[in-house]
Amino acid sequence: MNISTLAVLFLLLFLLLGLGFALVIDPYIQRRQRLIMLIIAALSLSLIGQNLGENELLVHHSNLALKNILSAYGYSVRPVILILFLYIIRPEGKKWVHEKYWDLV
């Protein structure tokens, strides 16, 4: 990993931490929207780790089965992030997750 990669990763991590800090202190964000945004930030952080791990496995050709599992995880998480953004943009829209699960939050 070279210095430019570390610089980009540092900026991405700093942005996600700043988003989390803004979510915690902003009194105008509703509780459900705050939770959704924190989940999105956590999933984005996991995607950064997934991409790093997948690239490392691709370069060293060490474990292609694990690389495929990481790729499947990445392809699975990206649509979930989009759906969570839709919950923030249009909360009264059609729900894919039953409403009783959101009442637990």
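For the structure, see preceding data.
Rules used throughout
- Residues numbered from 1 in each chain as written.
- Predicted model: local features only at pLDDT ≥ 70, side-chain atom pairs only at ≥ 80, totals over all residues.
- Heavy atoms only, no water.
- Helix = DSSP H or I, 4+ residues; strand = E, 2+ residues; numbered from the N terminus.
- Polar contact = N/O pair within 3.5 Å; in protein donor to acceptor, adjacent residues only side chain to side chain.
- Axes fitted to C-alpha atoms, helices over the stretch in contact; angles between N-to-C directions.
- Parallel < 35°, antiparallel > 145°, perpendicular 65-115°, else oblique.
- Left-handed = near helix turned anticlockwise from the far one by under 90°.
- Nonpolar A, V, L, I, M, F, W, Y, C, P; charged D, E, K, R; others polar.
- Buried < 20%, exposed > 50% of the residue type's maximum accessible area, 1.4 Å probe, protein only.
- Expected span 1.5 Å × (residues − 1).
- Contact = heavy atoms within 4.5 Å.
- Salt bridge = Lys/Arg side-chain N within 4 Å of Asp/Glu carboxyl O.

**Student:** What am I meant to see in the environment of Gln-50 here?
**Tutor:** As for its position among the elements, Gln-50 is in helix α2 (residues 31-60). Distance in space between the C-alpha atoms of Gln-50 and Leu-70 is 6.1 Å, their sequence separation being 20 residues. Side-chain polar atoms of Gln-50 contact the side chain of Glu-54, separated by 2.6 Å.

**Student:** I keep staring at the packing of α2 against helix α3 (residues 64-89) and nothing clicks. Help me out?
**Tutor:** Helix-helix packing is described using two parameters, namely the angle between the two axes and the distance between the axes. Relative orientation of the contacting elements α2 and α3 amounts to 160 degrees, with a least axis distance of 9 Å. As judged from the angle between their axes, α2 and α3 are roughly antiparallel. As for how α2 packs across α3, the hand of that crossing is left-handed. Among the residues making up the contact of α2 with α3, the classes are represented as 18 nonpolar, eight polar and three charged.

**Student:** Would you mind showing me how to read the environment of Tyr-87 here?
**Tutor:** Here Tyr-87 shows up in helix α3. What makes Tyr-87 buried here is its relative accessible area of 8%. Between the alpha carbons of Tyr-87 and Ile-36 there is a distance of 8.1 Å; along the sequence they are 51 residues apart.

**Student:** What exactly am I supposed to notice about α2 here?
**Tutor:** Given 3.6 residues per turn, any residue in an α-helix points the same way as the ones three and four places further on. Its 30 residues give α2 an end-to-end C-alpha distance of 44 Å, which sits within 8% of 44 Å, the value for a rise of 1.5 Å per residue. Looking at α2, one finds that the buried residues are Ile-36, Met-37, Ile-40, Ala-41, Leu-43, Leu-47, Ile-48, Gln-50, Glu-54 and Leu-57. His-61, located one to two residues past α2, shows a positive phi value of around 50 degrees.

**Student:** Explanation requested: the side chain of Glu-54 in the structure shown.
**Tutor:** Relative to the assigned elements, Glu-54 resides in helix α2. With relative accessibility at 17%, the residue Glu-54 sits in the buried group. Setting aside its immediate chain neighbours within four residues, Glu-54 contacts Lys-67, Leu-70 and Ser-71.

**Student:** Which parts of the structure should I look at to understand the pattern of salt bridges?
**Tutor:** It is possible for side chains of opposite charge to pair when their charged atoms get near one another. Applying the stated criterion to the full structure yields one salt bridge. Ionic pairing is found between Lys-67 and Glu-54, a salt bridge with its closest N-O pair at 3.8 Å. One end of the pair, Lys-67, is in helix α3; the other, Glu-54, is in helix α2, and 13 residues separate them in sequence. Of the two residues, Lys-67 and Glu-54, both sit in the buried class.

**Student:** Just checking my understanding: could you explain helix α1 (residues 3-25) for this structure?
**Tutor:** Over its 23 residues, α1 extends 33 Å from the first C-alpha to the last, a length consistent with the 33 Å expected when each residue adds 1.5 Å. Residues of α1 that are buried: Leu-9, Leu-16, Gly-20 and Leu-23. Contacts from the buried residues of α1 go to α2.

**Student:** Would you take a moment to explain the packing of α1 against α2 for this structure?
**Tutor:** Interaxial distance between α1 and α2 falls to 10 Å at its minimum, and their mutual angle equals 165 degrees. The pairing of α1 with α2 is recorded here as roughly antiparallel in orientation. Considering the relative orientation of α1 and α2, their crossing is left-handed. Of the residues in α2, those touching α1 at Leu-9, Leu-12, Leu-13, Leu-16, Leu-19, Gly-20, Leu-23 and Val-24 are Arg-34, Met-37, Leu-38, Ala-41, Ser-44, Leu-45, Ile-48 and Leu-52. Residue composition of the contact of α1 with α2, grouped by class: 13 nonpolar, two polar and one charged.

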